[in-house]
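Per-entry structural report
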Amino acid sequence: MDFNVKKLASDAGVFFSRAMQFTEEKLGQAEKTELDAHFENLLARADSTKNWTEKILRQTEVLLQPNPSARVEEFLYEKLDRKVPSRVTNGELLAQYMTEAANDFGPGTPYGKTLIKVGETQRRLGAAERDFIHSASINFLTPLRNFLEGDWRTISKERRILQNRRLDLDACKARLKKAKAAEAKAAAEHELRLTQTEFDRQAEVTRLLLEGISSTHVNHLRCLHEFVESQTNYYAQCYQYMLDLQKQLGRFSGTFVGNAESTSPPAAATSPPAVAAATLPAVPTIPVVPTIVGVPNTVAESVLNPNEVKPPASGTRKARVLYDYEAADSTELALLADEMITVYSLPGMDPDWLIGERGNQKGKVPVTYLELLS
């Protein structure tokens, strides 16, 4: 019991001594031990790293999840060490609405067919977004959080200890100056040597931690590269999905016009009388030719006949299919994820496409859906 009382009294005395020293320094009534310029630069670099890491982390979270309520929910689940429930992306929700609308309007109608195609693309976009968010969270956000919640807390703790050691050292220096008697001076000098040793030891520990910020930068640089790679793959997927959708809609446009015309009354039933027709100017009929956005008509009209394609003597490769792909027409080859096919290119062929073969089946396949093997 007496030991605890003495310890509390000693702690209170140390706290009071530090408080007095800190106050006198602020008022300019006491000297302060200054750290060397290199140490001060390390401190400034560490503070800058912490501040910018926090800002980048928060803004990346906003980028990946713009909904503030959803971010708060994910934060609470993380703090409770519970798995965040799976959330439907906006693209997947839009795909669901479009599919339901197509079933209501009629999946065989032009509008219904288009809704189904666009909805399927939105579903793919939503799934790609989900994969990107998951990858960015693991490879980029988690290392940033680990630094702030791990390394930075350790640095902050050791810096507070160093601050206390410095206050103790300066308080000892002040007591030595005030000591008059030889015995008091000897005691103050002994105490000063002890506090100086503790201060130097703590300064070395803190310096080593601060120099570790360079390793933190290297780690965050690697994570930043992984984030960029994930984002690049995500946007490349989205771009390919939209190109495929554009191509499909361009080919459907002629069919849709034909369907619309077939629902109109027969020409004989709506033709004006012969006399009236003679007075009307002749209107030329303009054929509707479906086009592919961004592709000249001459290229769009040149249809590849898979049966006429001959594989080159050399240059064929094996490829693994990354995603399911639905062939838009008879010139393309439908793909199933994880299957293996043989691919090769032809002179003058679009670099975004290859010829794919699976047994006796043959057709064009998009490069972005494949992992080319050596």
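Residues numbered from 1 in each chain as written. Predicted model: local features only at pLDDT ≥ 70, side-chain atom pairs only at ≥ 80, totals over all residues. Heavy atoms only, no water.

**Some remarks on the overall build of the protein**
Along the protein, the regular secondary structure elements total ten helices and five strands. When each of the 374 residues of the protein is scored for burial, the buried share is 29%. Intrachain contacts of the protein at a sequence separation of at least 6 include 69% that bridge at least 24 residues. Accessible surface, the protein: about 24,100 Å² in total, of which carbon and sulfur atoms supply 59%. (Helix = DSSP H or I, 4+ residues; strand = E, 2+ residues; numbered from the N terminus. Buried < 20%, exposed > 50% of the residue type's maximum accessible area, 1.4 Å probe, protein only. Contact = heavy atoms within 4.5 Å. Areas by Shrake-Rupley, 256 points an atom, 1.4 Å probe, with all protein chains shown as cover.)

**Focus: the pairing of strand β1 (residues 317-321)**
Pairing of β1 with strand β2 (residues 340-344), which is carried by four bridges, proceeds in the antiparallel orientation. Bridging from a neighbouring strand, A319 pairs with I341 of β2. Summarising the sheet, β1 and strand β5 (residues 370-372) pair through three bridges and their orientation is antiparallel. In the sheet register, A319 faces β5, and the bridge partner there is L372. (Pairing = 2+ DSSP bridges.)

**Comments concerning the packing of aromatic side chains**
This model, assessed by the stated rule, comprises ten aromatic pairs. Each ring, one from F147 and one from W152, has its centre 6.4 Å from the other, and the planes form 50 degrees; the classification is tilted. Accessibility assignment for this pair places F147 and W152 in one class, buried. Through pairs of rings, three or more aromatic residues link up here, namely F132, F140, F227, Y234 and Y235. The ring of W353 has K364 lying over it, and the distance from NZ or CZ to the ring centre is 5.5 Å. (Phe/Tyr/Trp six-rings, centres within 6.5 Å; stacked < 30°, edge-to-face > 60°. Lys NZ or Arg CZ within 6 Å of the ring centre and 35° of its normal.)

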